[in-house]
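Each chain, written out:
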Amino acid sequence: MEVLQKILDAGGKLYQVGGCVRDSLMGIKPHDIDYCITGLTVEKVLELFPDAEITGKDFPVFRINGDEYALARSEKKNGVGYKGFEIYTSPNITIEEDLARRDLTINAMARDMETGRIIDPYGGQRDLKKGIIRATTKAFAEDPLRVYRAARFSAKYNFHIESDTLKMMHTLKDELHTLPAERVFEETRKALNTDTPSRYFRALAQADVLDVHFKELNDLRGIPQPEKYHPEGDAFEHTMLVLDSMAKETKNEELRFSALVHDLGKATTPKEILPHHFGHDKRGPDLVKTFCERIKAPKTWEKCGIAAAEYHMQGQRFMEMRPGKKVTFLENIDKTPLKADGIAKIIDVDTSHKAKTKYIKKYSEKMFSEINGKTVRINAKGPAFAEKLHEMRVQWIAKMVQSETVLQCYKNN
């Protein structure tokens, strides 16, 4: 209130703007609160608040008592990409003019801090109620990063993107190549952390821009699958369903990403064997690696995604494997960040094999705790030691399987 009064006494106005207004109208506690000042110059703000810290490369942002305040500003496109703008600040710029440069109507609202009145010149409240993602003005098409922001907000709030905005997203397709991979990754990471992450990729597909940074996902569109096992449709639709199923199971980013990329190999299945996808688990890892390199995904994501692509089919056949292959599978998975629990989750959301995957987790936990370099004595070193340890694990798991079989027969009788 002290900051507000000083600004009012100096002839200015103070507003809350952007996401904090949107979230409060939705009954969500805002993560950050941003303020906008109109009617004052940079010099006047510094005179009123001499201890203010100034940050921001393109325009001044004042940090006062821990909060951020910016002067109302306007933009003019002067180049290519998301940085190709000239930014102007002036005491003559109105709050409505400041809001006009914002990407989406739901982000282009302000709250007058003196009166509490909501300033909503572009229908943000209407679109919140109807669940619509809509560009504020045609200026949306001046910034390619807004393509991914619109798709992300669609995922975040489970809103649909209206048709004219999708068309504007498509007109930015060529400029998407100018975006730094790090910015694309950050929007994608945020989208993966929503309740319905598939909406992000579906929106990009609707705008026909999915192939720019997510070619491997786009290639799954129209790829048939055996209808008996996949009544949901093509490989892209299957991937989206698996992704949303994983989002319901866990907030772990690596597991959500693994669900997204586990079936990339299906896009390269030879046409003559479709709709079957024999060997897609062998083709998948290289595609995951290329995908991760393009969007600059962290190495842990890449390792988890590769493991999911390579081992999810083996995991589905775990109970049919011989003891030696079971052990090899568990040892291989244990070397990846996914571990047994992670690959089990991938398999569960992919095919509902919970009855089988419980054994992957059970056998892995017991085998590695009971048969390891500290619990057994082996008179060998190096490869010979590893080979002997492997043999002991095979014997151990063979007994486990036999005892499980006997127990099941007893129950059945």
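Definitions and limits used
Residues numbered from 1 in each chain as written. Predicted model: local features only at pLDDT ≥ 70, side-chain atom pairs only at ≥ 80, totals over all residues. Heavy atoms only, no water. Helix = DSSP H or I, 4+ residues; strand = E, 2+ residues; numbered from the N terminus. Rg over C-alpha atoms; globule rule 2.2 N^0.38 Å. Contact = heavy atoms within 4.5 Å. Pairing = 2+ DSSP bridges. Axes fitted to C-alpha atoms, helices over the stretch in contact; angles between N-to-C directions. Parallel < 35°, antiparallel > 145°, perpendicular 65-115°, else oblique. Left-handed = near helix turned anticlockwise from the far one by under 90°. Phe/Tyr/Trp six-rings, centres within 6.5 Å; stacked < 30°, edge-to-face > 60°. Buried < 20%, exposed > 50% of the residue type's maximum accessible area, 1.4 Å probe, protein only. Lys NZ or Arg CZ within 6 Å of the ring centre and 35° of its normal. Polar contact = N/O pair within 3.5 Å; in protein donor to acceptor, adjacent residues only side chain to side chain. Salt bridge = Lys/Arg side-chain N within 4 Å of Asp/Glu carboxyl O. Core = buried A, V, L, I, M, F, W, Y, C linked by side-chain atoms within 4.5 Å.

### Re the overall build of the protein chain
Next up, step 1: On a plain count of helices and strands, the protein chain comes out with 19 helices and 11 strands.
Next up, step 2: Scaling as 2.2 N^0.38, a compact globule of 413 residues should have a C-alpha radius of gyration of about 22 Å, whereas the protein chain reaches 27 Å, well beyond that.
Next up, step 3: Once the C-alpha set of the protein chain is aligned to its principal axes, its extents read approximately 85 × 50 × 45 Å.
Next up, step 4: Long-range contacts, defined as pairs at least 24 residues apart, comprise 64% of the intrachain contacts of the protein chain with a sequence gap of at least 6.

### A word on the sheet that holds strand E4 (residues 61-64)
Next up, step 1: Taken together, 7 strands build an open sheet; the order of strands is E3-E4-E5-E2-E1-E8-E9 and the sheet is mixed. Edge positions in the sheet fall to strand E3 (53-55) and strand E9 (118-119), since each of these pairs with one other strand and no more.
Next up, step 2: Relative to E9, strand E8 (residues 110-112) is paired through 2 bridges, and the arrangement is antiparallel. By the bridge assignment, Arg 111 is partnered in E9 with Ile 118.
Next up, step 3: Each of strand E1 (13-17), strand E2 (34-38), E4 and strand E5 (67-71) is contacted by helix H1 (residues 2-9), which is oriented at about 135 degrees to E1, the strand it contacts most.

### Points about the packing of helix H12 (residues 235-249) against helix H13 (residues 253-261)
Next up, step 1: Following both chains from N to C, one finds H12 and H13 inclined at 165 degrees, their axes separated by 8 Å at the closest point. By the angle class used here, H12 and H13 are roughly antiparallel. Crossing geometry of H12 relative to H13 is assigned as right-handed. Of H13, the residues touching H12 (which contributes Thr 239, Met 240, Val 242, Leu 243, Met 246 and Ala 247) are Leu 255, Arg 256, Ala 259 and Leu 260.

### Looking at the packing of aromatic side chains
Next up, step 1: Counted under the stated rule, the structure contains 16 aromatic pairs.
Next up, step 2: Between Tyr 148 and Phe 214, the ring centres sit 6.3 Å apart and the planes meet at 85 degrees, which makes this aromatic pair edge-to-face. Residue Tyr 148 is located in helix H6 (residues 145-157), and its partner Phe 214 is located in the loop between helix H10 (210-213) and helix H11 (215-218); the two are separated by 66 residues in the primary sequence.
Next up, step 3: On the basis of relative accessible area, Tyr 148 is assigned to the buried category, the value being 0%.
Next up, step 4: Relative accessible area serves as the criterion here: at 0%, Phe 214 is assigned to the buried category.
Next up, step 5: On the numbers, 5.7 Å between centres and 50 degrees between planes, the contact of Phe 318 with Phe 329 is tilted. Here Phe 318, found in the loop between helix H15 (299-316) and helix H16 (323-334), pairs with Phe 329, found in helix H16; they are 11 residues apart in sequence, far enough to count as distant.
Next up, step 6: In this structure an aromatic cluster arises from ring pairing among Tyr 148, Phe 185, Tyr 200, Phe 201, Phe 214, Phe 257, Phe 291 and Trp 301.
Next up, step 7: Looking at Arg 152, its charged tip hangs above the ring of Phe 153, at a distance of 4.8 Å from the centre.
Next up, step 8: Positioned above the aromatic ring of Phe 318, the side-chain terminus of Lys 326 is 5.4 Å from the ring centre.

### So, the pairing of E1
Next up, step 1: Burial analysis of E1 places 4 of its 5 residues in the buried class, the great majority of the element.
Next up, step 2: Two strands pair when backbone bridges link them, and E1 and E2 are joined in this way by 5 bridges, in the antiparallel orientation. Across the sheet, residue Leu 14 finds its bridge partner in E2, namely Ile 37.
Next up, step 3: Bridging between E1 and E8 involves 3 bridges; their strand directions are antiparallel. When the sheet's bridge partners are listed, Tyr 15 is paired in E8 with Asp 112.

### Examining the side chain of Asp 98
Next up, step 1: Mapped onto the elements of the fold, Asp 98 is located in helix H4 (residues 95-100).
Next up, step 2: Accessibility expressed as a relative area gives 0% for Asp 98, which makes it buried.
Next up, step 3: Within the structure, Asp 98 has its side chain in polar contact with the backbone nitrogen of Arg 73 (distance 3.0 Å).
Next up, step 4: Within the structure, Asp 98 has its side chain in polar contact with the side chain of Arg 102 (distance 3.2 Å).

### Notes on the pattern of salt bridges
Next up, step 1: Under the counting rule described, the total for this entry stands at 30 salt bridges.
Next up, step 2: For Asp 112, the salt bridge is made with Lys 13, and the minimal N-O distance between the two is 2.8 Å. Taken together, the residues Asp 112 in strand E8 and Lys 13 in strand E1 connect sequence positions 99 residues apart.
Next up, step 3: Taking relative accessible area as the criterion, Asp 112 reaches 4% and is therefore assigned buried.
Next up, step 4: Note on Lys 13: relative accessible area 23%, which makes it partly exposed.

### Observations regarding the nonpolar core
Next up, step 1: Counting residues in each nonpolar core, the largest one holds 57 residues, and the members touching the most others are Phe 201, Leu 204, Phe 214 and Leu 260.
Next up, step 2: Among the elements that take part in this core, H6 stands out by supplying 8 residues, more than any other.
Next up, step 3: Setting aside residues up to four positions removed in sequence, Leu 204 forms contacts with Val 147, Tyr 148, Ala 151, Met 169, Val 209, Leu 210 and Phe 214.

### Some details on the environment of Gly 131
Next up, step 1: In this fold, Gly 131 is placed in the loop between helix H5 (124-130) and strand E10 (132-133).
Next up, step 2: Between the C-alpha atoms of Gly 131 and Glu 162, which are 31 residues apart in sequence, the distance is 9.9 Å.
Next up, step 3: In this view, Gly 131 contacts Phe 159 and His 160; residues no more than four positions away in its chain are not counted.

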